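# Chains, contacts and geometry: an overview
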Amino acid sequence: SNEIIAEIYAQALEGAGFTVERKFSIGQRDAIIPSLQDGTIQLTPEYTGNLLQFFDKETTATTSDDVYAALKDALPDGLAVLDQSPATDQDSYNVTAEFAAKYKLNAIGDLANVDGPLVLGGAPELEERPYGPSGLKDKYGVDVQFQATGDTTVDELVAGNIQIANVYSADPRIETQDLVTLTDPDGLFLASNVVPLVNGDFADDAAAVINDVSAALSPEGLVALNVQSTVDQRSSADIATDWLAENGLG
């Protein structure tokens, strides 16, 4: 999704009269950060939680607002973040739409009201992660059994062999398999909202354009963008053009 978001940024800025040079293959965070600091690039899409941990490995912030505030404090000289978006790409717990409707599930804590055993599926290491079975019990009072499902997690969920699946929140299968992502109000997972990371001298009028994009980008919208890329095989440029038009930003 990074390239799609970057293309949305680029087209939005061009639509506002800015000249944009695209550099989508610079590398990973270790290469991008110095390029932002020295002004070689001025803007890149990032994710709050992962970026915070890059600068502060000992952080204890987890909720969206706390992570964003901690990130702004942790950034070194020469860097800044614009408004964070509601859209996220992070660990999440998902159930089938049928299961959600049956038990009126919206948030993770609602699972405590489900009658019968609950089986959580995910990568083998999830069993020992702080947001795994022990975290579910401690944070939300939800008791689960664990099943290591790895790459078959979504398939096992749809088949009914597990009731809860650990899936990244921007995974296109959330849309294509009609899954429901349970909200996490108490911050079991490290929040990782889409956030524009900029050079400290980024122009205010350009920032206003990007903040409008961030406000319009929703969690469901990010999933839909990924579906267009991975399932429909559309180009980032075409996806971005249509998204901007649909959101009144084109």
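All of the points below concern the structure found in this document. Bear in mind the structure is a predicted one, so any value in this text is a computation, not a measurement.

Backbone-to-backbone hydrogen bonds pair the strands of a sheet. The strands run either parallel or antiparallel. Sheet architecture is open: three strands sit in the order 1-8-2, paired in antiparallel fashion. Edge positions in the open sheet fall to strand 1 (43-47) and strand 2 (79-81), since each of these has one partner strand only. On average, each strand axis in the sheet is inclined to that of its neighbour by 35 degrees, with strand direction left out of account. In the packing of helix 1 (residues 2-15) onto the sheet, the strands contacted are strand 1 and strand 8 (194-199), and the crossing angle to strand 1 comes to about 140 degrees. With respect to the sheet, helix 2 (residues 29-37) is in contact with strand 1, strand 2 and strand 8, its orientation differing from that of strand 8 by roughly 45 degrees.

So, about the pairing of strand 8. Looking down a regular strand, the side chains alternate between one sheet face and the other. Extensive coverage of strand 8 is indicated by the burial of six of its six residues. In the sheet, strand 1 pairs with strand 8 via five bridges, with the strands oriented antiparallel. Bridged to L43 within strand 8 is V198. Pairing of strand 2 with strand 8 involves three bridges; the strand directions are antiparallel. Counterpart to A80 in the pairing with strand 8 is V198.

Attention shifts here to the packing of helix 3 (residues 48-55) against helix 4 (residues 64-74). Interaxial distance between helix 3 and helix 4 falls to 9 Å at its minimum, and their mutual angle equals 40 degrees. Compared by their axis directions, helix 3 and helix 4 come out oblique. The interaxial crossing formed by helix 3 with helix 4 has left-handed handedness. Taken together, the residues of helix 4 that come into contact with helix 3 (itself represented by T48, G49, L51, L52 and F55) are V67, Y68, A70, L71 and A74. Its residues assigned to classes, the contact of helix 3 with helix 4 comprises eight nonpolar, two polar and no charged.

The subject of this paragraph is the pairing of strand 6 (residues 164-168). The buried fraction of strand 6 amounts to four of the five residues, a majority that puts the element mostly inside the structure. Note that strand 3 (residues 91-96) and strand 6 share four bridges and pair antiparallel. Paired with N94 across the bridge in strand 6 is A165. Sheet topology note: the strand 4 (residues 119-122)/strand 6 ladder contains two bridges and is parallel.

Look at K104: it is not a glycine, yet its phi comes out positive at around 55 degrees. Tracing the backbone through its elements, the reader meets K104 in the loop between helix 5 (97-103) and strand 4. Phi angles above zero are rare outside glycine, and Q233 is one such case at about 60 degrees. Residue position: Q233 is located in the loop between helix 10 (219-230) and helix 11 (236-246).

This brings us to the sheet that holds strand 4. If you trace the five strands from one edge of the open sheet to the other, you get 5-4-6-3-7, paired in mixed fashion. The open sheet is flanked by strand 5 (145-148) and strand 7 (179-181), the only strands paired with a single partner. If you compare each strand with its neighbour and ignore which way they point, the axes differ by 35 degrees on average.

Definitions and limits used
- Residues numbered from 1 in each chain as written.
- Predicted model: local features only at pLDDT ≥ 70, side-chain atom pairs only at ≥ 80, totals over all residues.
- Heavy atoms only, no water.
- Pairing = 2+ DSSP bridges.
- Helix = DSSP H or I, 4+ residues; strand = E, 2+ residues; numbered from the N terminus.
- Axes fitted to C-alpha atoms, helices over the stretch in contact; angles between N-to-C directions.
- Contact = heavy atoms within 4.5 Å.
- Buried < 20%, exposed > 50% of the residue type's maximum accessible area, 1.4 Å probe, protein only.
- Parallel < 35°, antiparallel > 145°, perpendicular 65-115°, else oblique.
- Left-handed = near helix turned anticlockwise from the far one by under 90°.
- Nonpolar A, V, L, I, M, F, W, Y, C, P; charged D, E, K, R; others polar.

Geometry only, nothing functional implied.
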